[in-house]
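Residue strings, one per chain:
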Amino acid sequence: MSSGQLSHLLRGVLLLLPAAAVIVAGTRSKLWEVPTGHFTSSSNQTENLPLERCQNQRTEYEVKITADIPPKLDGTWVSTRCEVRPGPEFLTRSYTFHSNRHFQALQHYYTESRCEDPAYSLMIRGKIRLLQASWITRGATEAQHHLSRVGIVVHSVAAKQRLASRLPPTCMSLSLNEAVPGKLFELYNTRAGRACLAAMGFSVTEMGLVRVETQHRSHGGKVQELFLGDIHTDWAQRIQHRPTGYQQPLQNAMHHIHPCPVCALVYRSSEQRPPVLPCGPAVPLSLAGHWVSLRCETRPNVLFLTRDFTFNPSQHAWEGIYRHYLDSACSQPTFTLRAWGHFAQGNPSSKLSGASEFVFKVTQVRVTAMDESTSKLLNSTRPGKCGRAGEWRVGVEQDLTPTNGCPMLGIKLPHKEYELFKMELDHRKRPLLFTGERPTDGSSPDRPLRRPTSFQAPMVLCNGGETHPYFSTFNSRQLQLASGTAGLENLVLLVFGSALCSWLVVY
């Protein structure tokens with residue numbers, strides 16, 4: 001099922017769910033009714049739940065998070081690092097929203113993954129109107145935008161030539177052919193068409209889904225983050241894509257992490273003066289240890305989850321735990337999936353400097369139903385096809401390995417995928433692990449040409465000392481039999497919520 005069909009199905013089914021009205025500015029409005037019974041005000045609160053399983057770092061990362069519906073967009077929001085979009089594309093962003101609904105967005109594009117060599121900058125102006133609380137992506141707000149102007153500043157002759165190779169001749173003769181490096185040239189206005197923008201892969205469909213989170217730190221400070229809609233991993237689908245997940249967030253220029261030298265550089269930038277990010281040291285890839293999500297993560301196609309990985313490089317073994325939820329606060333669990341297998345590290349990526357190619361193989365999967373609806377669904381499967389038929393119970397784990405997976409859930413064992421990993425340091429010089437972004441359409445990167453070209457949200461290292469018993473009992477003969485690679489997460493699961501039945505792809 002395509003992501004478009006899934007979104008359509010969810011929109012119809014979710015209308016069956018009970019809604020709890022959210023009080024907005026002292027009045028009651030159906031526009032801000034959301035499909036959950038757990039909202040009692042316009043602020044959704046959650047603790048940093050993933051790090052509860054990371055005891056040695058709870059005090060360092062522990063925060064309380066609130067999210068207002070509708071969100072307050074006023075202000076300037078900036079990138080905190082060099083961002084990687086599918087393609088790959090490398091950019092930094094600075095978006096300013098005004099109280100009169102007007103916005104100005106700066107997008108600076110680069111030739112490489114450190115954002116040290118600017119290629120061109122886009123100046124985007126328009127208006128945004130918040131519509132309603134999303135019934136597809138809980139905790140988000142749907143919005144509508146209208147572009148009034150798009151201008152481009154090319155920063156070098158070489159960058160102009162690279163753009164020329166991507167654009168049709170009509171665009172070159174009408175626009176970029178006249179552009180002079182360092183000077184703003186208008187690509188689009190309300191009187192012109194968007195053909196040249198489409199040829200560049202330009203789109204601001206990200207404005208269609210909005211969420212603002214405020215992190216309340218234990219020392220009294222706060223950090224505000226703006227989440228905008230995800231960018232489709234297939235370039236051909238990017239322009240028409242309707243987002244249901246998020247990109248990496250921007251941070252408020254007045255309320256951001258400290259220190260953040262990138263924030264200051266991006267905030268002070270203009271279309272003529274793109275930020276050139278400082279050249280930091282390369283971080284060698286070291287997977288050993290226990291890694292967890294920094295927050296409740298939102299994926300396209302209505303997925304809320306946390307991830308928990310343990311790697312043992314000496315045995316090329318890994319374990320992944322994926323805890324899935326019904327809501328954006330990760331407070332209503334539906335099921336937990338545990339997977340084991342092996343991995344092999346390949347060559348450094350030719351497309352993304354500092355990233356490395358991997359191949360992963362899943363050899364064992366266990367699933368725990370966390371609510372009655374999921375348990376009943378799994379008990380309806382045929383004997384020998386999905387664990388022990390009729391024996392699924394809430395909170396009781398079942399091994400799917402003896403049945404080679406579960407066709408109803410889309411799990412087939414063993415399973416192989418081609419991955420991309422990268423490590424960076426956060427603002428306090430602590431390691432972060434980036435794994436490849438999952439395809440938006442739910443397909444599997446099961447061949448080299450489908451290897452990701454961008455990343456998911458980073459995971460933080462808990463410690464380097466935890467080793468799952470599976471790793472220590474896996475002998476060398478089994479290692480030889482399991483040589484190859486492993487898919488991390490692309491397992492299709494049918495999940496029931498309250499009056500909800502939809503096919504979901506595990507990311």
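- Per an unreviewed UniProt entry, the recorded name for the protein is APC down-regulated 1 like, and the organism is Xiphophorus maculatus.
- Check the Subcellular location (unreviewed entry) section of the UniProt entry for the protein; it says "Membrane".

Considerations on the packing of aromatic side chains
So, point 1. Here the structure, examined in full by the defined rule, presents 16 aromatic pairs.
So, point 2. When the ring of Phe309 is compared with that of Trp318, the centres are 6.3 Å apart and the planes differ by 75°; the resulting orientation is edge-to-face. For the pair Phe309 and Trp318, a shared accessibility class is recorded, and that class is buried.
So, point 3. Ring geometry for Phe311 and Phe360: centres 6.4 Å apart, planes at 70°, overall edge-to-face. Here the residue Phe311 occupies a position in strand β17 (residues 303–312), and Phe360 occupies one in strand β20 (residues 356–369), the gap between them amounting to 49 residues.
So, point 4. The class for Phe311 is buried, based on a relative accessible area of 3%.
So, point 5. Members of the aromatic cluster, each reached through a chain of ring pairs, are Phe309, Phe311, Trp318, Tyr322, Phe343, Phe358, Phe360 and Phe421.
So, point 6. The aromatic ring of Tyr95 is capped on one face by Arg93, whose charged end is 5.6 Å from the ring centroid.
So, point 7. The aromatic ring of Trp235 is capped on one face by Arg238, whose charged end is 4.5 Å from the ring centroid.

Points about helix α7 (residues 372–379)
So, point 1. Listing the buried residues of α7 in full gives Thr374, Ser375, Leu377 and Leu378. With its buried residues spanning 160° around the axis, α7 presents them on a single face. In α7, the exposed positions angled more than 90 degrees off the buried face are occupied by Glu372 and Lys376.

Describing the pairing of strand β13 (residues 222–228)
Consecutive side chains of a regular strand alternate in pointing toward one face of the sheet and then the other.
So, point 1. Where burial is concerned, most of β13 is hidden: six out of the seven residues are buried.
So, point 2. In the sheet, strand β12 (residues 209–217) pairs with β13 via seven bridges, with the strands oriented antiparallel. Considered in β13, the bridge of Arg211 is made with Phe227.
So, point 3. Connecting β12 to the antiparallel partner β13 that follows it, the hairpin turn spans four residues, and Gly220 within it adopts a positive phi of roughly 105°.
So, point 4. When β13 meets strand β14 (residues 250–252), the two strands line up antiparallel, connected through two bridges. Note that in β14 the partner of Leu226 across the bridge is Leu250.

Some words on the pairing of strand β18 (residues 317–325)
So, point 1. Burial runs high along β18: nine of the nine residues are buried.
So, point 2. Covered by surrounding structure in β18 are Ala317, Glu319, Ile321, Arg323 and Tyr325 together with Trp318, Gly320, Tyr322 and His324, the residues of both alternating faces.
So, point 3. Where β18 lies against strand β19 (residues 333–348), nine bridges are found, and the strand directions are antiparallel. Along β19, the bridge assignment pairs Ala317 with His342.

Notes on helix α3 (residues 157–166)
Along an α-helix, a turn takes 3.6 residues, which lines up residues three or four apart on a common side.
So, point 1. Listed in full, the buried residues belonging to α3 are Ala159, Lys160 and Leu163. End-on, the buried residues of α3 take up no more than an arc of 100°, which puts them together on one face. With respect to the buried face of α3, the exposed residues turned more than 90 degrees away are Val157, Gln161 and Ser165.

So, the side chain of Thr374
So, point 1. Among the structural elements, Thr374 can be located in helix α7.
So, point 2. Exposure remark for Thr374: the relative accessible area of 4% places this residue in the buried category.

Let's talk about unusual backbone geometry
So, point 1. Of the consecutive residues Gly87 and Pro88, the connecting peptide bond is found in the cis state with omega at 0°.
So, point 2. Take Pro88: it is sitting in the loop between β6 (83–85) and β7 (89–97).
So, point 3. In the segment running from Leu413 into Pro414, the intervening peptide bond is cis, with an omega of -10°.
So, point 4. Mapped onto the elements, Pro414 comes out in the loop between β23 (411–412) and β24 (415–425).

Points about the environment of His415
So, point 1. Along the chain, His415 falls in strand β24.
So, point 2. Assessed through its relative accessible area of 18%, His415 is described here as buried.
So, point 3. A polar contact is formed between the side chain of His415 and the side chain of Glu417, at a distance of 2.9 Å.

Section: the nonpolar core
So, point 1. Ranked by internal contacts, the top residues of the largest apolar core, which has 34 residues, are Phe97, Leu122, Ile124, Ile152 and Leu226.
So, point 2. For this core, the secondary structure elements donating two or more residues are β7, β8 (102–110), β9 (118–133), β10 (141–154), α3, β11 (184–189), β12 and β13.
So, point 3. Excluding residues that lie within four positions of it along the chain, Phe97 makes contacts with Leu73, Asp74, Gly75, Trp77, His102, Phe103, Ile128, Met207 and Leu226.
So, point 4. Core analysis: the second largest hydrophobic core is formed by 29 residues, Phe343, Trp392, Leu413 and Met459 among them.

Some remarks on the pattern of salt bridges
So, point 1. This structure, assessed with the given rule, holds 25 salt bridges.
So, point 2. Notably, a salt bridge pairs Arg299 with Glu297, separated by 2.4 Å at the nearest N-O pair. Neither residue differs from the other here; Arg299 and Glu297 are each classed as buried.
So, point 3. Here Glu357 ties to Arg451 by a salt bridge, and the two come within 3.8 Å at their closest N and O atoms. In this pair, Glu357 sits in strand β20 while Arg451 sits in the loop between β25 (431–435) and β26 (459–463), placing the two residues 94 residues apart along the sequence.
So, point 4. Residue Glu357 is classed as partly exposed on the basis of its relative accessible area of 22%.
So, point 5. Assessed through its relative accessible area of 15%, Arg451 is described here as buried.

Thoughts on the state of the cysteines
So, point 1. Counting across every chain of the model gives four disulfides.
So, point 2. Here Cys82 is linked by a disulfide to Cys115, with a sulfur-sulfur distance of 1.9 Å. Measuring handedness by torsion sign, the sulfur bridge of Cys82 and Cys115 sits at about 70° and is right-handed. Of the two residues, Cys82 is situated in the loop between β5 (75–78) and β6 and Cys115 in the loop between β8 and β9; the sequence distance between them amounts to 33 residues. Neither residue differs from the other here; Cys82 and Cys115 are each classed as buried.

Definitions and cut-offs
One numbering rule holds for all chains: residues counted from 1, following each sequence as written. Given that the model is predicted, a residue must reach a pLDDT of at least 70 before its local features are reported, and side-chain atom pairs must reach 80 or more before they are shown or counted; all residues, however, enter totals for whole chains, interfaces and linings. For the side-chain quantities, the full set of heavy atoms in the structure was used; hydrogens and water were omitted. UniProt positions are given in the numbering used here, feature names are shortened, and annotations may be inferred rather than shown by experiment. The aromatic pairing rule takes the rings of Phe, Tyr and Trp, using the six-membered ring of Trp, and pairs them if the centres are within 6.5 Å, calling planes under 30 degrees apart stacked, those over 60 edge-to-face and the rest tilted. Between buried and exposed lies partly exposed: a residue is buried under 20% and exposed over 50% of the maximum accessible area for its type, with that area taken using a 1.4 Å probe on protein chains only. The helix and strand labels rest on DSSP assignments: H or I over at least four residues marks a helix, E over at least two residues marks a strand, and numbering proceeds from the N terminus. We call a charge positioned over a ring when the NZ of a Lys or the CZ of an Arg lies within 6 Å of the ring centre and within 35 degrees of the ring normal. In this description, the arc belongs to the directions extending from the helix axis to the C-beta atoms. For two strands to count as paired, DSSP must find a minimum of two bridges between them. For this analysis, a polar contact is any N or O atom pair within 3.5 Å, provided that within protein one partner can donate a hydrogen and the other can accept it, and provided that sequence-adjacent residues contribute only side-chain to side-chain pairs. What we call a nonpolar core is a set of buried Ala, Val, Leu, Ile, Met, Phe, Trp, Tyr and Cys residues that are connected through their side-chain atoms within 4.5 Å. Residues count as neighbours in contact if any of their non-hydrogen atoms are within 4.5 Å of one another. Take a side-chain nitrogen of Lys or Arg and a carboxyl oxygen of Asp or Glu: if they are within 4 Å of each other, that pair is a salt bridge. Two cysteine sulfurs form a disulfide in these notes if their separation is within 2.5 Å.

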